[in-house]
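Chain residues, written in single-letter form:
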Amino acid sequence: MQPPLPLDVVSAPIADAETGAAMHRLMARLWPICRSLSGQGVRDTLDILAGEMPGLAGHRVASGEKCLDWVVPDEWNIRDAYIIAPDGSRICDFKRNNLHVVSYSLPVDVELDLDELQAHLHSLPELPQAIPYVTSYYRRRWGFCLSHEQRLALKPGRYRAVIDATLAPGHLDFADLVLPGESDEEILLSTYICHPSMANNELSGPVVAAHLAKWLAAMPRRRYTYRFVFVPETIGAIIYLSRHLAHLKEKVVAGFMINCVGDERAYGFMPSRAETTLADRAGLHALRHHAGTFDRYSFLMRGSDERQYCSPGVDLPVASLFRSKYDTYPEYHTSLDDMNLVTPAGLCGGLQSFQRAIQAIEANRRYQAQVLGEPNLGSRGLYPTMSSKDTFKIVFGLVNVFAYSDGKRDLLEIADLLDMPIWELAAAARDLETHGLIA
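The rules behind each value
Residues numbered from 1 in each chain as written. Predicted model: local features only at pLDDT ≥ 70, side-chain atom pairs only at ≥ 80, totals over all residues. Heavy atoms only, no water. Axes fitted to C-alpha atoms, helices over the stretch in contact; angles between N-to-C directions. Helix = DSSP H or I, 4+ residues; strand = E, 2+ residues; numbered from the N terminus. Parallel < 35°, antiparallel > 145°, perpendicular 65-115°, else oblique. Left-handed = near helix turned anticlockwise from the far one by under 90°. Contact = heavy atoms within 4.5 Å. Nonpolar A, V, L, I, M, F, W, Y, C, P; charged D, E, K, R; others polar. Pairing = 2+ DSSP bridges. Buried < 20%, exposed > 50% of the residue type's maximum accessible area, 1.4 Å probe, protein only. 1 Å grid on protein atoms, 1.4 Å probe; cavity = no way out; pocket = protein on both sides within 12 Å on 5 of 7 lines; lining within 4 Å. Points joined across faces, edges and corners; volume = space filled by probe spheres on them. Salt bridge = Lys/Arg side-chain N within 4 Å of Asp/Glu carboxyl O. Expected span 1.5 Å × (residues − 1). Core = buried A, V, L, I, M, F, W, Y, C linked by side-chain atoms within 4.5 Å.

Peer 1: Which parts of the structure should I look at to understand the packing of helix H1 (residues 17–30) against helix H5 (residues 199–217)?
Peer 2: Packed helix pairs are characterised by how far apart their axes lie and by the angle those axes make with each other. Packing of H1 against H5 brings their axes to within 9 Å, and their N-to-C directions diverge by 125°. Classified by the angle between their axes, H1 and H5 sit oblique to one another. Where H1 crosses over H5, the two elements pack in a sense that is right-handed. Contacts from Thr19, Ala22, Met23, Leu26, Met27 and Leu30 of H1 reach H5 at Ala199, Leu203, Ser204, Val207, Val208, Ala210 and His211. Residue composition of the contact of H1 with H5, grouped by class: 10 nonpolar, 3 polar and no charged.

Laid out in structure tokens, this is it:
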């Protein structure tokens, strides 16, 4: 028998091991798809995500449209790619690993000597067994990626390079989901859907975002409205801002980037450019009480769509929570960022950190005491009838929420002062409010 639905987001149970396993299964479904800035891979990814999130709305913009300071690129679709070696063997086979092709490569079918081919090959000497992830979105070229070990083993002779792809005017696709709340003030949650088969850097973001949306959608009460955005990185966020900037600036009170949230090795936090927004405070609070220890990064280490959301003139309050942050782990942007690196437990921890941050935002209010002097908690059944040395521990939250309810401090500030999770302290605030002691 299913337990009754929670009254609100703050009191809702957070993700468990079963949720982590479900996220890993969803990742496995998305894993084989070759995503890029545009094309069928993005559409296939959004179709699968729409099956997880009823109400996810797809949108598209035509190639060549100007959005802010950028122009939407042509659409890229790839069907196959490979190199035929002098001995007739097939190497850099796209169908074996979609990282073998430089994303947005021009179509090509050409024979050339090894020395000529080398100019179109990419490998990592420092990670000799890894296939690198390489893109060329805004300059037309073609290329292949391979492990450095494989590259060193190539023999002199004639090679045939084939990339069966199209790069032509089309569309760029993205999607959003809006979950209305009691307030029209919004929490923005953004992730990207533009990388091929990589687990932590690509798929952990949309998978965690999808399950966060499902968790929030199940709530009978949401204080805030939640806006989930699934876009190709950089150009997608720029397109979204070009269409919604005025609305977002008016309504968004906090936001988070969701990416690199699937491994088990670390937690991390990067602030918004402003550093002191509600999102910054809630994110730090969540990680302090959920993770305990975590890495703190400067906004100078930004690298995803916080660059757009926090840019001058946009100034949205968007912070980032991570497991292992992009560009800090050795497998980043390589074939080693795989389904073994990301685990159900890692995904579960990533989701839980966002759930706690959202609970912190939903619970946060500024209270004012409604009686003078210390209230008589015992007459209201809020104080133990027998006093002992443990009494103050039992009512610690109650008496201190009241003591600091001066109309100036908010509950998140009080929780930080008391070093207590706000999602636990909120129960004390509700008890005091229910008995008319604070409002």
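Next comes the rest of the description.
Peer 1: I'm lost on the sheet that holds strand E11 (residues 186–192) in this one. Help?
Peer 2: Within a sheet, each strand pairs with its neighbour through backbone hydrogen bonds, oriented either parallel or antiparallel. In spatial order, the strands read E1-E10-E12-E11-E13-E16-E14-E15; together these 8 strands make up an open sheet with mixed pairing. Two strands bound the open sheet, and with one partner strand each, they are strand E1 (57–62) and strand E15 (295–296). The strands touched by helix H7 (residues 278–290) are strand E13 (252–258), strand E14 (268–270), E15 and strand E16 (318–322); relative to E13, the strand with the most contacts, the crossing angle is about 50°. Its contacts with the sheet place helix H9 (residues 344–363) against E11, strand E12 (225–231), E13 and E16, and it is angled at close to 175° to E13.

Peer 1: Just to check I follow, could you spell out unusual backbone geometry for this structure?
Peer 2: Leave glycine aside and you will find that most residues have negative phi; peptide bonds, for their part, are mostly trans. Located in the positive-phi region is Leu68, a residue other than glycine, with phi close to 50°. Within the secondary structure layout, Leu68 lies in the loop between strand E2 (66–67) and strand E3 (70–71). On the basis of relative accessibility, which here comes to 46%, the residue Leu68 falls in the partly exposed class. The backbone of His333 sits at a positive phi, close to 55°, despite the residue not being glycine. Along the chain, the position of His333 falls in the loop between E16 and H9. Judged by its relative accessible area of 23%, His333 falls in the partly exposed class.

Peer 1: So what exactly am I meant to see when it comes to the layout of surface pockets here?
Peer 2: Considered as a void within the structure, the second largest pocket measures approximately 260 Å³ in volume. What lines the second largest pocket is a set of 16 residues, and nearest its centre among them are Tyr137, His195, Glu233, Thr234 and Arg307. Residue composition of the lining of the second largest pocket, by class: 8 nonpolar, 6 polar and 2 charged.

Peer 1: When you look at the environment of Ala254 in this model, what are you seeing that I'm missing?
Peer 2: In this fold, Ala254 is placed in strand E13. Residues Ala254 and Gly346 lie 92 residues apart in sequence; the distance between their C-alpha atoms is 24 Å. The residues contacting Ala254, other than those within four sequence positions of it, are Glu186, Ile187, Leu188, Leu278, Ala279, Pro317 and Ile361.

Peer 1: Where do I start with the pattern of salt bridges in this structure?
Peer 2: Pairing between side chains becomes possible if they bear opposite charge and their charged atoms approach one another. Per the counting criterion, the structure on display carries 27 salt bridges. For the salt bridge of Asp416 with Arg288, the shortest nitrogen-to-oxygen distance reads 3.1 Å. Separated by 128 residues along the polypeptide, Asp416 in helix H12 (residues 411–418) and Arg288 in helix H7 bring together distant segments of the chain. Asp416 sits in the partly exposed class, given a relative accessible area of 30%. Residue classification places Arg288 among the partly exposed positions, given a relative accessible area of 36%. Of the charged contacts, one joins Arg409 and Glu413 as a salt bridge, the two residues approaching to 4.0 Å between their closest N and O atoms. Judged by relative accessible area, Glu413 falls into the partly exposed class, the value being 38%. Salt bridges linked by common partners bring Arg43, Arg60, Glu75 and Asp173 together as one network.

Peer 1: For this particular structure, what's the right way to read H9?
Peer 2: It helps to recall that an α-helix has 3.6 residues per turn; residues three or four apart then point in one direction. Compared with an ideal rise of 1.5 Å per residue, which puts 20 residues at 28 Å, H9 spans 28 Å between its outermost C-alpha atoms and is within 8% of the ideal. By the criterion of burial, H9 is predominantly enclosed, with 18 of the 20 residues buried.

Peer 1: Explain the sheet that holds strand E6 (residues 108–113) to me, please; I cannot follow it from the model alone.
Peer 2: An order of E5-E4-E9-E6 is seen for the 4 strands of this open sheet, with the pairing classed as antiparallel. Of all strands in the sheet, those with a lone pairing partner are strand E5 (90–91) and E6, marking the two edges. Pairing between strand E4 (residues 75–84) and E5: 2 bridges, direction antiparallel. Directly across from Ile83, in E5, lies its bridge partner Ile91.

Peer 1: Explanation requested: the nonpolar core in the structure shown.
Peer 2: General note: in soluble globular proteins, nonpolar side chains tend to be found buried as a group. Counting residues in each nonpolar core, the largest one holds 85 residues, and the members touching the most others are Leu212 and Phe228. Counting residues per element, this core draws most heavily on H5, which supplies 10 residues. The residues contacting Phe228, other than those within four sequence positions of it, are Ala175, Asp176, Leu177, Leu179, Leu189, Ala209, Leu212, Ala213 and Leu216. Core analysis: the second largest hydrophobic core is formed by 66 residues, Tyr104, Cys145, Tyr159 and Ala165 among them.

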